[in-house]
Amino acid sequence: MPLALLALAVGAFGIGTTEFVMMGLLPEVADDLHISIPVAGHLVSAYALGVVIGAPLLAAATARMSRRKVLIALMLLFVAGNAFSAFAPDYHWLLAARFLSGLPHGAFFGVGAVVATGLVTPERKARSVSLMFLGLTVANIVGVPVATLMGQHMGWRSTFLGVSVIGLLAVVSLALLVPHDGTSAPAAGLRGELAALRSLPVWLALGTTVAGFGALFAAYSYITPMLTDAAGYADSSVTLLLALFGVGATAGNLLGGRLADRSMRGTLFGGLVSLAVVLALFPVLMGTAWSAALAVVLLGTASFVTSSPLLLMVMEKASSAPSLASSANQAAFNLANAGGAWVGGLALAAGFGVTSPAVVGAGLAVLGLGVAGVAYAVDRRRRVVPGRERVVASHVPELSESVHH
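Along every chain, residues carry numbers that run from 1 in the direction the sequence is written. Given that this is a predicted model, residues contribute local features only at a pLDDT of at least 70 and side-chain atom pairs are listed and counted only at 80 or more, while totals for whole chains, interfaces and linings are drawn from all residues. The basis for every side-chain value is the complete set of non-hydrogen atoms in the structure, without hydrogens or water.

Asker: Summarise the overall build of the chain; cite the residues concerned and give the values.
Answerer: Secondary structure summary: the chain contains 19 helices and zero strands in total. Here the chain holds 405 residues, and the buried ones make up 56% of them. Residues are treated as being in contact if the distance between any of their heavy atoms lies within 4.5 Å. Taking the intrachain contacts of the chain between residues at least 6 apart in sequence as the baseline, contacts between residues at least 24 apart amount to 84%. Per-residue and other accessible areas follow the Shrake-Rupley method at a 1.4 Å probe size, with only the shown protein chains counted as cover for residues. A total of about 16,100 Å² of accessible surface is found on the chain, and carbon and sulfur atoms cover 70% of it. For helices the rule is a DSSP run of H or I covering at least 4 residues; for strands it is a run of E covering at least 2, with both sets numbered from the N terminus onward. Type-normalised accessible area, obtained with a 1.4 Å probe on protein chains alone, sets the label of each residue: buried when under 20%, exposed when over 50%, and partly exposed for intermediate values.

Below is the structure:
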């Protein structure tokens, strides 16, 4: 695998760290800025909003630029947002800084996925994407716990300065390792890029992402009370258990990349079925300490097996605008984050028990499986229409062939 994938992984590591570390620093931020924890929670939402807005807009606006230059520019914007967060004088400035930090998130992964798949042979495309996302999953094992401890002992501002340094390392890595390229994007302009998202298969693929990862976040958003109230763990043990989730996510991401190169649809269907089963078993698995730890690992593995095939499917369906499509997939991921947490919270508020969000998540995984099934049926129907199969194959032959496995 090319060394350029290492540069993309470093950027992903920084992004993954800053995305999730705020959740662990809410008490420190709230105390320092003299706000309540619920108000501080809006800082998490501000970042997610930045991702949703910035992902498609920045990807479309930079479609005709050199992708290497775009990646470097996006990471510099990321550095600026985190440095701004470190020196924000009050809550409102920090809110704006978090929004700014989220803007380059989706576009970086979107453009990075196009660069990663262009660096390897067709039969290694999914693995190249999984190696880029390796930085994101490893951030949950190392980056987030270390950054949280740094913020708790040295002040929360030091965390964002540290993330800014990681971003600068990513800029240097991208400049040194990513090969120079031309403007390889289509010349259709912004309107043409946005037009690529009008097709039904693209929206079905994005819908699968929202439902599939919504299943994850319905449970993961409330994993701490499940571990403490149901499984009996002490609060001090939760950080280590969340690192186990990162281990499972890393394993699932790498496994999904290898399997998707053999069968993209099979990996997607298998991952969603596994996720539904794991979440449905959560009420039982949370009954003992050892099985609860196993459940956390399995949740990470089952959910991230689908990350590479979902991204590649969206890129396939919008083959004339792959950067925009993969960026839109990141926006869908963050919508899943917000929507899954909201639906899981409804189950808790209704009094169905501390593990009820996981059961809701199992239902969302089944919904995602249904959307993926509809997408498969639509693809099959389109292939039997005279002249359609040749058009599909001419865009992305390697991906089209993988669908038949």
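Asker: Quick rundown of empty space enclosed by the protein? Include the residues and the values.
Answerer: In this approach, a probe sized like a water molecule rolls over the atoms, and the result shows the empty space that is left. Points on a 1 Å grid over protein atoms alone make up a cavity when a 1.4 Å probe fits among them but cannot get out, and a pocket when they form an open set with protein on both sides within 12 Å along at least five of seven lines; lining residues each have an atom within 4 Å of a point. Grid points are joined across faces, edges and corners, and a volume is the space filled by probe spheres set on the points. Here the structure, examined in full by the defined rule, presents four cavities of 30 Å³ or more. The calculated volume of the largest cavity comes to roughly 110 Å³. Surrounding the largest cavity, F133, L136, T209, F213, F304, S307, L310, N329, Q330 and F333 form its lining. Of all the elements in the fold, those that place two or more residues in the lining of the largest cavity are helix 6 (125-154), helix 9 (200-220), helix 15 (307-317) and helix 16 (322-349). A total of three residues in the lining of the largest cavity trace back to one element, the largest contributor, which is helix 16. Under this grouping Gly is polar, as are all residues other than the nonpolar Ala, Val, Leu, Ile, Met, Phe, Trp, Tyr, Cys and Pro and the charged Asp, Glu, Lys and Arg. Residues of the lining of the largest cavity, tallied by class, amount to six nonpolar, four polar and no charged. In this structure, the second largest cavity spans a volume of roughly 60 Å³. Lining the second largest cavity, in full, are F20, L136, N140, L216, F217, Y220, F245, F304 and F333. Elements with a contribution of two residues or more to the lining of the second largest cavity: helix 6 and helix 9.

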